[in-house]
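Structural overview for review
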Amino acid sequence: MTNTLAPATTKGRATRERILQAAAEIIAEKGTAGMSLDDVRARTGASRSQLYHYFEDRDDLVHAVINVTIDTVLNAQGELLDHLDSWAGIDRWFDALVQHQTDRQACGGCPLGSLAGQLAESDADARAAIAAGFARWEGRLCDGFSRMRSLGKLRKDADPAVLATATMASIQGGLLLTQVRRNPQQLRIALNAARNNLRAAAA
């Protein structure tokens, strides 16, 4: 979907990364519809030839931003996602999600969810990429819940994939309400419901 040839030089990689970062910032500020290549050029000082050297067109740049956003969302949760095999680990993860929204004064919502709202109905490739990003995120949850089941912390008939999807739905709904109401407690309420749902599947 995007230009798969990575720049061969350190300078080239830095230039591409700078363009990507600028595009991501502009999209966060103005939305995908408000991001133009001229905006990116003005913010980075890159020439038009450089833009088209690293990205086929504007859509290619937007798609690359999606991939970067997915990595950013997952990396921001770091090792917390590696320890979702205990109730304490889940609580630490939930607390970190709420604290992040508190630190941001409840602004911005979920970067991946925001892109979905803007692109899912107008760009099939973008929708597929965002869906793949959510699948990666849910996969980390599913792995943790699978380990919990193996450790006897969840019932044998518990379905980790279903629990992962339900938990993700709570997160996304909580983030949306947090964003529009500017109140991190909306996410806390949603996560409490997610925890209750997980507890219902406890061994």
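Residues numbered from 1 in each chain as written. Predicted model: local features only at pLDDT ≥ 70, side-chain atom pairs only at ≥ 80, totals over all residues. Heavy atoms only, no water.

A word on the overall build of the protein chain. In terms of regular secondary structure, the protein chain is built from 9 helices and 0 strands. Order of helices (α) and strands (β) in the protein chain, N terminus to C terminus: α-α-α-α-α-α-α-α-α. Along the first, second and third principal axes, the C-alpha set of the protein chain runs to 60 × 35 × 30 Å. Buried positions account for 42% of the 203 residues belonging to the protein chain. A sequence separation of at least 24 residues applies to 68% of the contacts in the protein chain between residues at least 6 apart. When the accessible surface of the protein chain is summed, it comes to about 10500 Å², and 51% of that surface belongs to carbon and sulfur atoms. In the protein chain, which carries 24 positive and 23 negative side-chain charges, the distance between the mean positions of the two groups comes to 4 Å. (Helix = DSSP H or I, 4+ residues; strand = E, 2+ residues; numbered from the N terminus. Buried < 20%, exposed > 50% of the residue type's maximum accessible area, 1.4 Å probe, protein only. Contact = heavy atoms within 4.5 Å. Areas by Shrake-Rupley, 256 points an atom, 1.4 Å probe, with all protein chains shown as cover. Lys, Arg positive; Asp, Glu negative; His and termini not counted. Charge placed at Lys NZ, Arg CZ, Asp CG, Glu CD.)

Once that is clear, we can look at the pattern of salt bridges. Inspection of every chain in the model, using the stated rule, returns 11 salt bridges. Between Glu25 and Arg43 there is a salt bridge, with the nearest N and O atoms lying 3.4 Å from each other. Here the residue Glu25 occupies a position in helix H1 (residues 10–30), and Arg43 occupies one in helix H2 (residues 37–44), the gap between them amounting to 18 residues. Asp71 serves as the salt-bridge partner of Arg136, at 3.0 Å between the closest nitrogen and oxygen. Taken together, the residues span a long stretch of sequence, with Arg136 in helix H7 (residues 124–150) and Asp71 in helix H4 (residues 58–77) at a distance of 65 residues. What makes Arg136 partly exposed here is its relative accessible area of 42%. In this structure Asp71 comes out as partly exposed when scored by relative accessible area, which is 34%. Ionic contacts of the salt-bridge type, sharing partners, join the residues Glu25, Glu29 and Arg43 into one network. (Salt bridge = Lys/Arg side-chain N within 4 Å of Asp/Glu carboxyl O.)

Among the nonpolar cores identified, the biggest contains 55 residues, and Val40, Leu61, Trp93, Trp137, Leu141 and Phe145 are the most heavily contacted of them. Excluding its chain neighbours within four sequence positions, the residues that come into contact with Val40 are Ile19, Ala22, Ala23, Ile26, Met35, Gly45, Leu51 and Leu61. (Core = buried A, V, L, I, M, F, W, Y, C linked by side-chain atoms within 4.5 Å.)

Attention now moves to helix H9 (residues 185–199). Relative to the 21 Å expected for 15 residues at 1.5 Å per residue, H9 spans 21 Å between its end C-alpha atoms, a close match to the ideal helical length. Among the structural elements, helix H5 (87–103), H7 and helix H8 (160–181) are those in contact with the buried residues of H9. (Expected span 1.5 Å × (residues − 1).)

The geometry of an aromatic ring pair is captured by the separation of the ring centres together with the interplanar angle, meaning the angle of the planes. What the rule picks out here adds up to 2 aromatic pairs. Arranged with centres 6.2 Å apart and planes meeting at 5°, the rings of Phe134 and Trp137 form a pair that is stacked. With Phe134 and Trp137 both in helix H7 and 3 residues apart, the pair spans about one turn of that helix. For Arg199, the ring lying beneath its charged end belongs to Trp87, and the centroid distance is 4.0 Å. (Phe/Tyr/Trp six-rings, centres within 6.5 Å; stacked < 30°, edge-to-face > 60°. Lys NZ or Arg CZ within 6 Å of the ring centre and 35° of its normal.)

This part covers a nonpolar patch on the surface. On the surface, Leu176, Leu177 and Val180 cluster together to form a nonpolar patch covering roughly 270 Å² of accessible area. The topology assignment puts Leu176 in helix H8. (Patch = residues over 30% accessible without salt bridge, like charges linked within 9 Å, V, L, I, M, F, W, Y side chains within 5 Å.)

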